Amino acid sequence: METETLALAQEADYTLIALFFRATFIVQAVMLGLIVASVWVWAITFTKVKMFRSARSNAAAFDSAFWSGEPLDELYEQMADAPASAYERVFVAGMTEWRRSLRDDGGLIPGVQQRVDRSMDVAIGRESERWTNGLNFLATTGSAAPFVGLFGTVWGIMRSFQEIAISGNTSLAVVAPGIAEALLATGLGLLAAIPAVILYNKLSADADSLVSGLEGFADEFSTLLSRQLD
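It should be emphasised that the depicted structure is a prediction, and the values quoted were computed from it without experimental measurement.

Calculation rules
Residue indices begin from 1 for each chain and proceed along its sequence in written order. Side-chain atom pairs in this predicted model are given and counted only at pLDDT of 80 or more, local residue features only at pLDDT of at least 70, and totals for whole chains, interfaces and linings cover all residues. Based on all heavy atoms of the structure, the side-chain values leave hydrogens and waters out of the count. Angles shown run from 0 to 180 degrees and are taken between the N-to-C directions of axes, each axis being a line fitted to C-alpha atoms and, for helices, limited to the stretch in contact. Helix and strand definitions follow DSSP, with helices as H or I runs of at least four residues and strands as E runs of at least two, each counted in order from the N terminus. Crossing handedness is read from the near helix: turned anticlockwise from the far helix by less than a right angle, it gives a left-handed crossing, and turned clockwise, a right-handed one. In what follows, residue pairs with any heavy atoms lying within 4.5 Å of each other are defined as contacts. Side-chain classes are defined by residue name, with Ala, Val, Leu, Ile, Met, Phe, Trp, Tyr, Cys and Pro counting as nonpolar, Asp, Glu, Lys and Arg as charged, and the others, Gly among them, as polar. Distance thresholds for patches are 9 Å for like charges and 5 Å for nonpolar side chains (Val, Leu, Ile, Met, Phe, Trp, Tyr), applied to residues having over 30% relative accessible area and no salt bridge. To measure how exposed things are, a 1.4 Å probe is used in the Shrake-Rupley method; for residues, cover is taken only from the protein chains shown. One speaks of a salt bridge when a side-chain nitrogen belonging to Lys or Arg is within 4 Å of a carboxyl oxygen belonging to Asp or Glu. Charged-residue counts in this description rest on Lys and Arg as positive and Asp and Glu as negative, His and the chain ends being excluded. Just so you know, the charge point we use is NZ for Lys, CZ for Arg, CG for Asp and CD for Glu. Only protein chains enter the area calculation, which uses a 1.4 Å probe; residues under 20% of their type maximum are buried, those over 50% are exposed, and those in between are partly exposed. To qualify as a nonpolar core, a set must consist of buried Ala, Val, Leu, Ile, Met, Phe, Trp, Tyr and Cys residues joined through side-chain atoms within 4.5 Å. Between the rings of Phe, Tyr and Trp (Trp by its six-membered ring), a pair exists once the centres lie within 6.5 Å; its type follows the angle of the planes, with under 30 degrees stacked, over 60 edge-to-face, and the other angles tilted. Between the first and last residue of a helix there are one fewer steps than residues, each counted as 1.5 Å, and that sum is the expected span.

### Re the packing of helix α4 (residues 72-79) against helix α5 (residues 86-100)
Consideration 1: α5 packs onto α4 with a crossing angle of 115° between their chain directions and a minimal axis gap of 10 Å. Every pair of crossing elements has a handedness; the one defined by α4 and α5 is left-handed. Contacts between α4 and α5 involve Leu 72, Asp 73, Leu 75, Tyr 76, Glu 77 and Met 79 on the former and, on the latter, Glu 88, Phe 91, Val 92, Met 95, Thr 96 and Arg 99.
Consideration 2: Taken together, the residues that form the contact of α4 with α5 break down as seven nonpolar, one polar and four charged.

### With respect to a negative patch on the surface
Consideration 1: Together, Asp 63, Asp 121, Glu 215, Asp 219 and Glu 220 make up a negatively charged patch on the protein surface.
Consideration 2: Among the elements that make up the negative patch, the one with the highest residue count is helix α8 (residues 172-227) (three residues).
Consideration 3: The exposure class of Glu 215 is partly exposed, given its relative accessible area of 40%.

### Some remarks on the nonpolar core
Grouped burial of nonpolar side chains is what soluble globular proteins tend to show.
Consideration 1: Counting residues in each nonpolar core, the largest one holds 37 residues, and the members touching the most others are Phe 91, Trp 131, Phe 217 and Phe 221.
Consideration 2: Every element with two or more residues in this core is listed here: α3 (25-66), α4, α5, α6 (112-132), α7 (135-167) and α8.
Consideration 3: With 11 residues, α8 is the largest single contributor of residues to this core.
Consideration 4: For Phe 221, the residues in contact, after removing those within four places along its chain, are Phe 66, Leu 72, Phe 91, Gly 94, Met 95 and Met 120.
Consideration 5: By size, the runner-up hydrophobic cluster in this structure holds 10 residues, among which are Val 27, Val 30, Leu 34 and Ala 193.

### Observations concerning the packing of α3 against α6
Consideration 1: With their axes 10 Å apart at the nearest point, α3 and α6 run at an angle of 145° to one another. Facing Lys 48, Met 51, Phe 52 and Ala 55 of α3, the residues of α6 in contact are Arg 130, Trp 131 and Thr 132.
Consideration 2: Considering only residue class, the contact of α3 with α6 consists of four nonpolar, one polar and two charged.

### Let's talk about the pattern of salt bridges
Consideration 1: Counted by the stated rule, this structure contains seven salt bridges.
Consideration 2: Across the salt bridge formed by Asp 206 and Lys 202, the nearest N and O atoms sit 2.6 Å from each other. Taken together, the residues Asp 206 and Lys 202, both in helix α8 and four residues apart, mark about one turn of the helix.
Consideration 3: You can call Asp 206 buried: its relative accessible area is 14%.
Consideration 4: Three or more residues joined by partner-sharing salt bridges are found here, namely Arg 56, Lys 202 and Asp 206.

### Some thoughts on the packing of aromatic side chains
Consideration 1: Applying the stated criterion across every chain yields a total of 13 aromatic pairs.
Consideration 2: Ring centres of Phe 66 and Phe 217 lie 5.1 Å apart, and the angle between their planes is 80°; this geometry places the pair in the edge-to-face category. Separated by 151 residues along the polypeptide, Phe 66 in helix α3 and Phe 217 in helix α8 bring together distant segments of the chain. Exposure class is identical for Phe 66 and Phe 217. Each is buried.
Consideration 3: Between Phe 217 and Phe 221, the aromatic rings sit 5.9 Å apart at their centres with planes inclined by 5°, giving stacked as the arrangement. A residue pair is termed a helical-turn pair when its members lie 3 or 4 positions apart in one helix, as Phe 217 and Phe 221 do in helix α8 at four residues. Both residues of the pair, Phe 217 and Phe 221, count as buried.

### With respect to α6
Consideration 1: Between its first and last C-alpha, α6 extends 30 Å over 21 residues, near the 30 Å set by a 1.5 Å rise per residue.
Consideration 2: In the stretch just after α6, Gly 134 is the one whose phi turns positive, near 100°.

### Notes on a nonpolar patch on the surface
Consideration 1: A cluster of nonpolar side chains, namely Leu 32, Ile 35 and Val 39, defines an oily patch on the protein surface of about 260 Å² accessible area.
Consideration 2: Tracing the backbone through its elements, the reader meets Val 39 in helix α3.
Consideration 3: For Val 39, a relative accessible area of 53% gives the class exposed.

### Remarks on the side chain of Thr 45
Consideration 1: Looking at the element boundaries, Thr 45 is found in helix α3.
Consideration 2: When sequence neighbours within four positions are dropped, the list of residues in contact with Thr 45 reads Leu 138, Leu 199 and Leu 203.

And the structure:
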């Protein structure tokens, strides 16, 4: 009997695909959810990497144009209709409010400095939201995926013990396939969670760096405009 049991266990297919298809419906659903989450994590990552690379390139180009000595009014006229980057949108927001505060006699409406700063802060907030959009999914996956995988493992092992009780055979060779299927869920949970945590920290730091750059530019631009008030 033991020889027959061992032979059956050795004949079992332990490839990942076979383990998936032998698992119960609940464990399969857990595995599929974790696979989808992992794919979505990498999709967000590639999108953000491309977005951040473009943002840095555009920032360098705008910085060169802004400090080139060209009059700010002329630079504004070039960008006002269709600002193409985060820096351009912040600059246009500030300049638009500045121009709206000009009186017909050439003077400025009181409180212009505060209004310009608020306009640029709103523009920076929009850019920050655009850069960080989707990163919460990485954080959620990183924290929840191991527990989701553990749930699949517990469910699979529970089913294995139920089969042991029904068959009356406690041989490890009999329960090994079921346990392997269950542990695959934990493996997939870690496979989704570990990259998600690492990528979340990296992308969050990159987004914070870009926002800090925008805030620094807004402060410099506000300083330039304040000199016109003195």
